[in-house]
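Commentary on secondary and tertiary structure
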Amino acid sequence: MINSMAAKHAVWPKEDDAIFGLAAKAQQAIKKYGKDKVIDSTLGALADDDGNLICMKAVYDELKSMPNENIAAYALVAGQPDYLDAVQEACFKEYRPEAYIKAVATPGGTGSVRHTIYNYTNSGDSVLVSDWYWKPYVTISEEYGRKVDFYNLFNDKNEFNIKSFRESFEKLLNKQKRLVAIINSPAQNPTGYSLSDDEWKQVIDLMVENAKDKENRIILLVDAAYIDFAGKGNERRKFFKQFSNLPENILVVIGYSLSKGYTMYGMRLGAAIGISSSKDIAEEFYYSCAHSNRANWSNCNRGAMEVMTRISNDPKKSEAYEAEKAIYKNMLHKRAEAFVKASEDAGLEILPYRDGFFVSIPCDNAKAISDKLMEDNLFLIPLKKGLRFAVCAVSEEKCKKAPKMIKSIMDNIQKEK
Ligand SMILES: Cc1ncc(COP(=O)(O)O)c(C=O)c1O
C-alpha cells in the first residue's frame, strides 16, 4: 500500500490550523451554552459585542452598488494603476518617505510576505523574525526551503530588544551577505506592541551601519497589517519618513493589508510596497513581484480594488469610511484598556500592549492553561511562549472578566506542579 504521492518537499504534518480549530470549538460552546456564557478570543477579526463579525458599511455598500462587470473582471497582473496609487496613499498618508516607491497588489498582507521572503532570499537562507511571531512567517519560509532565526522582541525593560535584534541581524548578514528581517509593527500580532519612533531610528541606524559594506543586501519587511487600528490619528505612520534616502543596498518593503482596515478579510487584497533610493531597485522590485503574482495567483481581486479606489478618490465616501473606522478603533481601544487594567488588578503579567487586535500573556505551559480555560468556556490561543487574547473579538465587559479567570487557572496549574 502506498501512503504518499506528494513530492518530498510538499509533505507536511497532517495538522489542521490550530487557531481555526479552537475557533470552531468556541462556536460549539456558544451553541451549547449561549453567547453570554462563552468568551471567544480566538480569531483575529473585529467582532461586535455579540460576537458577530463587523463588516464596514462604507465598504460593503460601495461593493454592492458596483456594476457586476467591475467585480467580475480580471485585474492587471500587478494591480490596477489607480488602486496602486490609492493604496500608497492609504498606507503612508502624510508620511510618505522620500524615495522611489513602487507597489504591487497582493492577496492580503500574506502575499507581500510571500513575495519578500521568496524574492529576496536564496534557497536555504534564514529569515529574521521576532520570538513572538505570526506563524505564517515560518510556514511561508518552510514552503520555499528557507529557514527562520529568531531574535528576542523584548528586553528586560519590556522595550524593543535592539541588542538581540542587532546580534541576530549581524550574524545572519555576515554569513549570508543578504538578509530579510521582518518587523511586525505597529500593533504586532500577537503582543500588540508598536515600536516607538526612537526604536525605529535604532533599527535604521543599525541597517545603515551594515550597509557600508556594499556587498550586503539588506531587506526590511515592515508587516503593517494592523496599521489602520494603531495610535491616535496617523501618529503610528510617522516612522515611514525615516525610510527616506537610505543607502541603495537597503530595500524596505511594507506589507499592507486591506483585511483589517477595510474588514475585507476573505476578499484577499493588500499590497507589497517597495521603498528604495534607487529607481532601478524599485523597478526591479515591481517586476519581481509582478512575475510572482503571475506565477502564483495570476492577479488579485478586482472588485476589492475598485471598492478601495472608489472610497479613496471620493472625499465624501472617504470621510464616511474614516468616521466609521474611528468608531471601531475607539471600541478596540476601550476593550484593550479594560483588559490591561483588569490584568493589573488581577496581578496577571501581560506583555506591553500599545495598539491593535491582540494582547499576550507570557507563560510556560500555555497549552495546559488554554485547555483548562476551555472548561470555563474561555477560548484563547496557546503559543510557544504564552497565550494570545484577541481583544478585537471580545466585548469590553468580557475583557474586564477574562484576566481574573486566566490568572486563577494559571495559579492552580502552578500549585499542582
Ligand atoms: C501579523 C500579520 N501579518 C499579516 C497578516 C495578513 O493577513 P491577510 O493576508 O489576511 O491580509 C496578518 C493577518 O492575520 C497578520 O496577523
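Residues numbered from 1 in each chain as written. Predicted model: local features only at pLDDT ≥ 70, side-chain atom pairs only at ≥ 80, totals over all residues. Heavy atoms only, no water.

Time to look at the overall build of the protein chain. Helices and strands together make up the secondary structure of the protein chain, namely 14 helices and 12 strands. The C-alpha radius of gyration of the protein chain comes to 21 Å, within 12% of the 22 Å expected for a compact globule of 417 residues. Over its C-alpha atoms, taken along the principal directions, the protein chain stretches across nearly 60 × 60 × 55 Å. In the protein chain, which comprises 417 residues, the share counted as buried stands at 54%. A total accessible area of about 19500 Å² is found for the protein chain, and carbon and sulfur atoms account for 51% of it. (Helix = DSSP H or I, 4+ residues; strand = E, 2+ residues; numbered from the N terminus. Rg over C-alpha atoms; globule rule 2.2 N^0.38 Å. Buried < 20%, exposed > 50% of the residue type's maximum accessible area, 1.4 Å probe, protein only. Areas by Shrake-Rupley, 256 points an atom, 1.4 Å probe, with all protein chains shown as cover.)

With that settled, consider the packing of aromatic side chains. Under the definition given, this model contains 22 aromatic pairs. Seen from their ring centres, Tyr 151 and Phe 160 are 5.9 Å apart, and the 70° between their planes marks the pair as edge-to-face. Accessibility assignment for this pair places Tyr 151 and Phe 160 in one class, buried. Each residue in the set Phe 92, Trp 200, Phe 239, Phe 240 and Phe 243 is aromatic and connected to the rest through ring pairs, giving one cluster. We note Lys 102 situated over the ring of Tyr 286; from NZ or CZ to the ring centre the distance is 4.6 Å. (Phe/Tyr/Trp six-rings, centres within 6.5 Å; stacked < 30°, edge-to-face > 60°. Lys NZ or Arg CZ within 6 Å of the ring centre and 35° of its normal.)

One way to see where empty space is left: roll a probe the size of a water molecule over the atoms. Counted according to the given criterion, the structure contains 2 cavities of 30 Å³ or more. If you trace the largest cavity, you find it lined by Ser 130, Tyr 151, Leu 153, Phe 160, Ile 182, Ile 183, Asn 184, Ser 185, Gln 188, Tyr 193 and Leu 195. If you tally residues by element for the lining of the largest cavity, the top one is strand β5 (residues 178-184), at 3 residues. Class assignment of the residues belonging to the lining of the largest cavity gives a composition of 7 nonpolar, 4 polar and no charged. Each pocket or cavity is described by its volume, and for the second largest cavity that value is around 30 Å³. As for the second largest cavity, its lining consists of Val 129, Ser 130, Trp 132, Tyr 133, Tyr 137, Ile 182, Asn 184 and Gln 188. Broken down by secondary-structure element, the contributors of at least two residues to the lining of the second largest cavity are β3 (126-130) and β5. (1 Å grid on protein atoms, 1.4 Å probe; cavity = no way out; pocket = protein on both sides within 12 Å on 5 of 7 lines; lining within 4 Å. Points joined across faces, edges and corners; volume = space filled by probe spheres on them. Nonpolar A, V, L, I, M, F, W, Y, C, P; charged D, E, K, R; others polar.)

In this model helix α10 (residues 279-296) runs 26 Å from its N-terminal to its C-terminal C-alpha over 18 residues, within 8% of the 26 Å that 1.5 Å per residue would give. When we look at burial in α10, the residues that qualify are Ala 282, Phe 285, Tyr 286, Cys 289, Ala 290, Ser 292 and Asn 293. Relative to the axis of α10, the buried residues are bounded by an arc of 160° and lie together on one face. Exposed residues lying more than 90 degrees from the buried face of α10 are Asp 280, Tyr 287, His 291, Arg 294 and Ala 295. Considering only its buried residues, α10 is in contact with β2 (100-106), α5 (108-120), β7 (250-257) and β8 (270-276). With a side-chain oxygen positioned 3.2 Å from the backbone nitrogen of Asp 280, the residue opening α10 is Ser 278. With its phi angle positive at about 65°, Ser 298 sits one or two positions after the end of α10. (Expected span 1.5 Å × (residues − 1). Arc of directions from axis to C-beta. Contact = heavy atoms within 4.5 Å. Polar contact = N/O pair within 3.5 Å; in protein donor to acceptor, adjacent residues only side chain to side chain.)

Glancing now at the sheet that holds strand β12 (residues 386-390). Taking strand neighbours across the sheet as the criterion, the 3 strands line up as β9-β12-β11 in an open arrangement whose pairing is antiparallel. Sheet topology places β9 (358-362) and β11 (381-382) at the edges, where each strand pairs with a single neighbour. Both β11 and β12 contribute to a ladder of 2 bridges, which runs antiparallel. When the bridges of β12 are listed, Pro 382 appears paired with Leu 387. The sheet contacts of helix α14 (residues 396-416) involve β9 and β12, and relative to β12 the element is tilted by about 165°. (Pairing = 2+ DSSP bridges. Axes fitted to C-alpha atoms, helices over the stretch in contact; angles between N-to-C directions.)

Scanning all chains against the criterion turns up 25 salt bridges. With a shortest N-O distance of 3.6 Å, Arg 310 and Glu 306 are connected by a salt bridge. You can see Arg 310 and its partner Glu 306 sitting in helix α11 (residues 302-313), 4 residues apart, about one turn around the helix. Its relative accessible area of 29% is what places Arg 310 among the partly exposed residues. We classify Glu 306 as buried; its relative accessible area is 17%. By sharing partners, the salt bridges in this structure join Glu 62, Arg 302, Glu 306, Arg 310 and Lys 317 into a single network. (Salt bridge = Lys/Arg side-chain N within 4 Å of Asp/Glu carboxyl O.)

On the UniProt side, "domain: Aminotransferase class I/classII large" (unreviewed entry) is annotated at positions that read residues 43-402 here. Split by type, residues 43-402 is 44% helix and 17% strand. Its first and last C-alpha atoms lie 16 Å apart. (UniProt positions renumbered as here; feature names shortened; annotations may be inferred.)

A surface patch of like charges, here negative, comprises Glu 248, Asp 280, Glu 283 and Glu 284. One can find Glu 283 in helix α10. (Patch = residues over 30% accessible without salt bridge, like charges linked within 9 Å, V, L, I, M, F, W, Y side chains within 5 Å. Lys, Arg positive; Asp, Glu negative; His and termini not counted. Charge placed at Lys NZ, Arg CZ, Asp CG, Glu CD.)

Once that is clear, we can look at the site of the ligand. With respect to spatial proximity, 14 residues lie near the ligand, and among them Thr 110, Asp 223, Tyr 226, Ser 257 and Ser 259 are the closest. Between Lys 260 and the ligand, the recorded distance is 2.9 Å, taken from a side-chain N or O atom to an oxygen atom. One nitrogen or oxygen atom from the side chain of Arg 268 is found 2.7 Å from an oxygen atom belonging to the ligand. Across the complex, the protein chains shield 90% of the 390 Å² of accessible surface that the ligand would expose by itself. Among the secondary structure elements, those contributing two or more residues to the shell around the ligand are α5 and α9 (258-261). In terms of residue count, α5 provides more of the shell around the ligand than any other element does, 3 residues in total. Taken together, the residues of the shell around the ligand break down into 4 nonpolar, 7 polar and 3 charged. (Near = heavy atom within 4 Å.)

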